[in-house]
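# Structural description and commentary
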Amino acid sequence: MHQYKAPQASPYTDAPYRPLLRLFLSHPNPTQSLLIFLQMLHQCEHFPDKFTFPFVLNAASGLKAFRVGRVFHGMVIKASLSSDVFILNSLVYFYGSCGDLDLAYGLFMKIPRKDVVSWNSMITAFVQGGYPEGALELFRGMEKENVKPNDVTMVGVLSACTKKLDLEFGRWVCSYIERNEISVNLTLSNAMLDMYWKCGGIEDAKRLFDKMLEKDIFSWTPMLDGYATLGEYDEARHVFDAMPCQDIAAWNALISAYEQNASAQLGAMDLGRWVHVYIEKQGINLNCHLMTSLIDMYTKCGDVEKAFEVFYSAERKDVFVWSAMIGGLAMHGRRRAAIDLFSKMLEAKVKPNSVTFTNVLCACSHTGLVNEGRTLFYQMELVHGVVSEDKRYACMVDILGRSGLLEEAVELIEKMPMASSRLLELDPGNHGAYVLLSNIYAKIGKWDRVSGLRKVMRDSGLKKEPGCSSIEVNGIVHEFLAGDNCHPLSKEIYSKLDEIASRLKSIGYVPNKSHLLQLIEEDNMKDHALSLHSEKLAIAFGLISMAPSQPVRVVKNLRVCGDCHSVTKLISKLYVREILLKDRYRFHHFRGGHCSYMDYW
DNA sequence: GTAGGGTTAG
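Residues numbered from 1 in each chain as written. Chains lettered and ligands numbered in written order. Predicted model: local features only at pLDDT ≥ 70, side-chain atom pairs only at ≥ 80, totals over all residues. Heavy atoms only, no water.

Right, let's talk about the state of the cysteines for a bit. Each disulfide consists of a covalent bond between the sulfur atoms of two cysteine residues. Under the criterion given, the structure shown has zero disulfides. Cysteine cysteine 174 shares no disulfide, and the gap to the nearest cysteine sulfur, in cysteine 161, comes to 8.1 Å. (Disulfide = S-S within 2.5 Å.)

Take a look at the structure:
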């Protein structure tokens, strides 16, 4: 309908500018790319053509800039380019990146002649959007439509297997790749490797890794991560030494693996130190991220001084570094130090966030600094503009409850913007707030509220984790559940517990059964089972199997109960033992009949 | 010109 025009004169081509645009749009910073693009739209008379939109959409995908991408989609339609398969594929990928799977899928379905990239874009969108089943269904759909999958397809499919932890199907995919002679490049090998590790095909992973001729950081990191997660720290160290270069991701993989592993908090301390020394030796730049991980690791392993060393060595400290150190001090009952550090943070003009407040409130909560806690709580919003969240309300309620200010605690609960019935919606996986509220209600005798809360928990299918304690003896981690008699030395452990009980009785100790919190957390237990809590089993095992000079280090997944706390204090005196007990919230250091937490268990 | 792998702090 239009007469022919030279390309540079047509409003629908940017051909003269394309090389320049491409250069700008491949800029590592997509914001810059988009700004340059928008500037060009304003300044030149040419309208972007079909070769430019994929670049532009890519930049929007990288930024997850939904509204910007929507505008581009509109421009595509206006320019009658909405049947171009390249642009459609980019749009599918764009909507997927923004997490809108419905829009992505709707568009995908409307692509008249889908090519393999269309399928791959949609498969990737499903995998990255947390819907691996959809990805696998599409893979089957491709077969039906006779579209031949390529190596990129297989990366997506393997990624879906990894998300589903489906080793069997993952293995089938690997054999499919072989049968169909799909070219296996480094990326695909790495995807296979990751799938094997994450799905538990450890031997397959090792075999594949040994067979690989070419390896990069994406091949090494899963190996490192795999061994560290398995607790095979010697192997992890070998892998690390063999790595041609160790980047920040590798370090983080290693450090976060320790934290997720229960034994990490007990026995991996040596490796943790080694990691730190290695980082220093290699002259790796300790960024704030890594610094935070190290501080966290040291405090979780019980070495506050080492954490302090890291903290003070930092030239620049962001809010994460400060918060981690404050949290670490709180965890160890170093209340003054935690509060002083918070003041220093304010002096350093670092703006506290909600986590900082939670941590500093925890320091008050653990050790009964009721006035400081109250002041901070009310300053938080007024002075610092941090909005209260349920976690911090919980801390404040805890402070008041522990100090016997039950009326004030109840008042605060009533005033909470989120009523107790809404707590589940806020944080469905966390029943800590329930336990706390139950505890408060129980203390003031509001039993109807307690049973009401328990009903909500039961109805919502909130599973109570069973209490479990671990102890490392001679490099082996032993785990105990409450009332457990699976351990080979079970008989000896129970006779040690009997001995402990009679020695405690002889000095006039009466078991404390009033710890309702624990009855709620471990409610399968009856009162008479109080003496069988997992931490007591672990401590008894430590006493019979370790040299008297060695401190007994126990890690419990839940909060330690009041009776166990009192008993452990007495054991530390009667048996002249140093006992370190790490529970879900804090680090108790028992020595000579005292705990670093005093009477605040 | 479009699609792909590890890490992501309290």
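Here the UniProt-annotated "repeat: PPR" (unreviewed entry) positions come out as residues 115–149, 185–215, 216–250 and 318–352. Between the end C-alpha atoms of residues 115–149 the distance is 10 Å, and the span holds 74% helix and 0% strand. Along residues 318–352 the backbone is 74% helical and 0% strand, and the end-to-end C-alpha distance reaches 10 Å. (UniProt positions renumbered as here; feature names shortened; annotations may be inferred. Helix = DSSP H or I, 4+ residues; strand = E, 2+ residues; numbered from the N terminus.)

Further remarks concern the layout of surface pockets. Looking at the second largest pocket, its volume works out to about 530 Å³. Along the wall of the second largest pocket there are 21 residues; nearest its centre are Val155, Ser159, Ala191, Asp194 and Phe218. At the level of secondary structure, the elements contributing two or more residues to the lining of the second largest pocket comprise α7 (116–128), α9 (151–164), α11 (186–199) and α13 (217–230). Looking at which element gives the most residues to the lining of the second largest pocket, the answer is α9, with six residues. (1 Å grid on protein atoms, 1.4 Å probe; cavity = no way out; pocket = protein on both sides within 12 Å on 5 of 7 lines; lining within 4 Å. Points joined across faces, edges and corners; volume = space filled by probe spheres on them.)

Between its first and last C-alpha, α7 extends 18 Å over 13 residues, near the 18 Å set by a 1.5 Å rise per residue. Buried within α7 we find Ser118, Trp119, Asn120, Ser121, Met122, Ile123, Ala125, Phe126 and Val127. Where α7 is buried, its residues meet α5 (85–97), α6 (101–110), α8 (132–144) and α9. Between the side-chain oxygen of the N-cap and the backbone nitrogen of valine 117 there are 3.1 Å, and the N-cap of α7 in question is aspartate 115. (Expected span 1.5 Å × (residues − 1). Buried < 20%, exposed > 50% of the residue type's maximum accessible area, 1.4 Å probe, protein only. Contact = heavy atoms within 4.5 Å. Polar contact = N/O pair within 3.5 Å; in protein donor to acceptor, adjacent residues only side chain to side chain.)

Counting residues in hydrophobic clusters, the biggest one holds 125 residues, and the most contacted among them are Leu158, Ile295 and Met325. Within the second largest apolar cluster, 27 residues are counted, among which are Phe480, Ile493, Ile579 and Leu581. (Core = buried A, V, L, I, M, F, W, Y, C linked by side-chain atoms within 4.5 Å.)

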